[in-house]
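Examining the three-dimensional arrangement
Read off the chains here:
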Protein chains: 2
Amino acid sequence: MTAGDTARPLRADARRNRDRVLAVAREAFAEEGPDASLNEIAQRAGVGPGTLYRHFPTRRTLQAAVLGDRIQRLAGRADELLTTAPPGEALAGWMRALLEHGRTDHGLGGAMMAEPLDVGFDCHATIRAAAERVLGGAQRAGAARPDLSCDDVIQLVVGIALSTVQGDPGRSERLLGLVLDAVLVRDPG
Amino acid sequence: MTAGDTARPLRADARRNRDRVLAVAREAFAEEGPDASLNEIAQRAGVGPGTLYRHFPTRRTLQAAVLGDRIQRLAGRADELLTTAPPGEALAGWMRALLEHGRTDHGLGGAMMAEPLDVGFDCHATIRAAAERVLGGAQRAGAARPDLSCDDVIQLVVGIALSTVQGDPGRSERLLGLVLDAVLVRDPG
DNA sequence: ACCTGAACACCGTTCAAGT
DNA sequence: ACCTGAACACCGTTCAAGT
């Protein structure tokens, strides 16, 4: 199920307009960040402002829709890692993926996690569930500190993303490494 | 020396206007966050928009001026802690102070650290110097990991501030504790 | 030297009118 | 049922005119 799924199908032209707006918004957020002009997005998509607002009543709704499949992929990546890597590495790898997600679109990914409100499909719940899976796996294997919650993991990583959006990715990785030292339990080998 | 010091003294009315704007901006940022309307600040201060822009050509300039003395106090707190607490506790205490700073004014404190550009007096340099002092002290005493840079410390703490501005302070402290586990060297006692 | 405030281009948002 | 686009209130920013 995709982020944009609604109760019953849209009329053909409505669906097309929605997709157009979404495609343009994707580019706009990538280029100009989360505060890109909505009117300009509507214009570039060839629709009136009203049409944009009909489909996405608030800016956050549009942001959530843009991030939707990215978040789905992020959740899927958790299960992928759990079957292809040892638990500790799976957790570390997923945190790396979350970090990258947080940095996308000039920090839009991280910003959405930093604000409590949820829109459309529940981004928070999806990410939290994925975090719980990788963290739980690592904890049961004794590879991660047992007193950690998935919110701890998420907020630490999102924090790194937000404090380094402007800088180079190398800084992000460096900081993630430091946090991992507090999260992972040293392998006695 | 205060943040607002300029080369030569202002005319009396100019100085008064500047102070008025600054006082109103302080309230506005505290209430509405870093994006508070500049026009409204000018109006509430009883000056025209042009006057505000004359004194603070960009929003960041105004933000820096508002945060100025807070940053001075934060830097002073470093030295205070270094003389009243053992090195490891001084570092931890200062990081706590930095965390609180990052959360002020709806995250304005943290946001300014997350963007590279500097305005007016150099906020970054002031904070980095303070961080270097407490971190260096702790490292020389063997209380902190020797491979850490002051940027590591700052960005980790600022990240926590940014990812928890909306939530309760308890979450911030919790996450700071986790980061401290990676920063401090366990006391063998 | 400094202030004022009208003016401009822009933004988000709404809503009557259309199809 | 959906779209359009004019309209409104607002914002940041500038600048000629004043003192």
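Everything here concerns the structure above.
The structure presented is a predicted model; accordingly, all values stated were derived computationally and were not measured.

**Remarks on the interface of chain A and chain B**
Residue-level contacts link 25 residues of chain A with 25 residues of chain B. Regarding the contact of chain A and chain B, the summed buried area is about 2000 Å², with carbon and sulfur atoms giving 54% of it. When the area that chain A buries against chain B is broken down by residue, the three leading residues are Gln155(A), Ser163(A) and Leu178(A), summing to 26%. When the shortest N-O distance is used, the salt bridge between Asp152(B) and Arg171(A) registers 3.0 Å. Linking chain A to chain B there are 12 residue pairs in polar contact (both at pLDDT 80 or more). For the side of chain A that touches chain B, the elements supplying multiple residues, two or more each, are helix H7 (150–164) and helix H8 (169–183) of chain A. When residues in the side of chain A that touches chain B are grouped by element, the largest group, 10 residues, is from H7(A).

**Some details on the environment of Leu176(B)**
Residues and elements named next belong to chain B. With respect to the secondary-structure elements, Leu176 resides in helix H8 (residues 169–183). Accessibility expressed as a relative area gives 1% for Leu176, which makes it buried. Note: C-alpha distance between Leu176 and Ala161 (15 residues apart in sequence) is 9.3 Å. Setting aside its immediate chain neighbours within four residues, Leu176 contacts Met95, Arg96, Leu99, Val157 and Ile160.

About the criteria used
- Every chain is numbered independently, its residues counted from 1 as its sequence is written.
- Each chain is given a letter, starting from A, and each ligand a number, starting from 1, according to the order in which they appear as written.
- Where totals are concerned, whole chains, interfaces and linings use all residues; where local detail is concerned, this predicted model gives features only for residues with pLDDT of at least 70, and gives and counts side-chain atom pairs only at 80 or more.
- Just so you know, side-chain values use all the structure's heavy atoms and leave hydrogens and water out.
- Any two residues having at least one pair of non-hydrogen atoms within 4.5 Å are treated as being in contact.
- Joining two parts hides part of their accessible area as seen by a 1.4 Å probe, and the buried area is that hidden amount summed over both.
- Any Lys or Arg side-chain nitrogen found within 4 Å of a carboxyl oxygen on Asp or Glu counts as a salt bridge.
- Between N or O atoms, a polar contact is any pair within 3.5 Å; within protein, one atom must be a potential hydrogen donor and the other a potential acceptor, and residues adjacent in sequence are included only when both atoms are from side chains.
- By definition, any uninterrupted DSSP run of H or I lasting at least four residues is a helix, any uninterrupted run of E lasting at least two residues is a strand, and each is numbered from the N terminus.
- Working definition: with a 1.4 Å probe on protein chains only, accessible area under 20% of the residue-type maximum means buried, over 50% means exposed, and in between means partly exposed.

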